[in-house]
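Each chain, letter by letter, is given below.
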Amino acid sequence: MRVVSGSCKGRPLKAVPGMSTRPTTDKVKESIFNIIGPYFDGGLAVDLFGGSGGLGIEALSRGMDKCIFVDREAKAVATIHKNLEACHFQSQAEVYRNDAERALKAIAKRELSFKLIFLDPPYKQQKLKALIELIDSFRLVEDGGIIVAEHDAGITLPDEIGSYKLIRYESYGISAVSIYIFKEQGTGE
């Protein structure tokens, strides 16, 4: 596992010890960023099921200003801190040990607006549609902002969830990625 591109290109990333997390492979990560970027001119991101922090760190390496990392596992939070330190991104990151729903509620209270949200929950406990509906209800994504949902290839998500429209679906063996864009209501698009 490594940073694929940007300011930390090639930097190795540590995996979370044990078998509780399934890191996004470099091939899938590269494909995701080729679709949504590949580079960014600032903005805020959230890596909601952070694991090792690979997706959020890749976003920072490619130009995001700041990323909030959330994971409920202590080992994952410790690994994210180590990987942020290795890439010198500590000042551009916030890391919280929390579950996804509570973290979204806490973020909503801060009235932040995000350009990019990564959702990569454990495949056996997926509630992606409900999470996207919660993100929509809190209005956490700026107009034109993107949600990247990684999931089991056997799951098909709807073409529209609230204010979000599916713009791309890609399958990579047992994994798949559904990418949604937020469109402000009444923009005529």
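Whatever comes next refers back to the structure up there.
Keep in mind the model is a prediction, meaning the values are calculated, not measured.

(A) Examining the layout of surface pockets more closely. What the largest pocket holds in volume is close to 570 Å³. If you trace the largest pocket, you find 30 residues lining it, with Phe 49, Asp 71, Asp 120, Pro 121 and Pro 122 closest to the centre. Here the lining of the largest pocket is built from residues that sort into ten nonpolar, ten polar and ten charged.

(B) Spatial organisation of the pairing of strand 5 (residues 141–152). Here strand 4 (residues 114–119) pairs with strand 5 via five bridges, running parallel. Among the inter-strand pairings, Leu 116 is bridged to a residue of strand 5, identified as Ile 146. Sheet analysis places strand 5 next to strand 8 (residues 175–182), joined by seven bridges and oriented antiparallel. Within the sheet, the bridge partner assigned to Asp 152 lies in strand 8 and is Ser 175.

(C) Region of interest: helix 3 (residues 74–86). Compared with an ideal rise of 1.5 Å per residue, which puts 13 residues at 18 Å, helix 3 spans 19 Å between its outermost C-alpha atoms and is within 8% of the ideal. Residues of helix 3 that are buried: Ala 76, Val 77, Thr 79, Ile 80, Asn 83 and Leu 84. All buried residues of helix 3 project into a common sector of 160° when viewed along the axis, lining one side. Where the residues of helix 3 are buried, they touch helix 2 (54–61), strand 2 (66–71) and strand 3 (93–97). Two residues or fewer after helix 3 comes His 88, characterised by a positive phi angle close to 60°.

(D) Structural context of the nonpolar core. Counting 31 residues, the largest nonpolar core has Ile 36, Phe 69, Leu 84, Leu 116 and Val 148 as the members making the most contacts within it. Listed by contribution, the elements that provide at least two residues to this core are helix 1 (26–36), helix 2, strand 2, helix 3, strand 3, strand 4, strand 5 and strand 8. Apart from the residues within four sequence positions on either side, Leu 116 is in contact with Ile 36, Phe 40, Leu 44, Ala 45, Val 46, Ala 59, Met 64, Ile 146 and Val 148. Counting residues in hydrophobic clusters, the runner-up holds 26 residues, among them Leu 134, Ile 135, Val 141 and Tyr 164.

(E) Region of the structure containing the sheet that holds strand 7 (residues 164–172). Taken in spatial order, the eight strands make up an open sheet running 3-2-1-4-5-8-7-6, and their pairing is mixed. Each edge of the open sheet is held by one strand with a lone partner, namely strand 3 and strand 6 (160–161). With five bridges joining them, strand 2 and strand 3 adopt parallel strand pairing. Bridge pairing in strand 3 places Asp 71 opposite Arg 97. Taken strand by strand, helix 3 contacts strand 2 and strand 3, and its axis lies near 165° from that of strand 3. Here helix 5 (residues 128–138) sits on the sheet in contact with strand 4, strand 5, strand 6, strand 7 and strand 8, set at roughly 165° to strand 5.

So, how was this worked out
- Residues numbered from 1 in each chain as written.
- Predicted model: local features only at pLDDT ≥ 70, side-chain atom pairs only at ≥ 80, totals over all residues.
- Heavy atoms only, no water.
- 1 Å grid on protein atoms, 1.4 Å probe; cavity = no way out; pocket = protein on both sides within 12 Å on 5 of 7 lines; lining within 4 Å.
- Points joined across faces, edges and corners; volume = space filled by probe spheres on them.
- Nonpolar A, V, L, I, M, F, W, Y, C, P; charged D, E, K, R; others polar.
- Pairing = 2+ DSSP bridges.
- Helix = DSSP H or I, 4+ residues; strand = E, 2+ residues; numbered from the N terminus.
- Expected span 1.5 Å × (residues − 1).
- Buried < 20%, exposed > 50% of the residue type's maximum accessible area, 1.4 Å probe, protein only.
- Arc of directions from axis to C-beta.
- Contact = heavy atoms within 4.5 Å.
- Core = buried A, V, L, I, M, F, W, Y, C linked by side-chain atoms within 4.5 Å.
- Axes fitted to C-alpha atoms, helices over the stretch in contact; angles between N-to-C directions.

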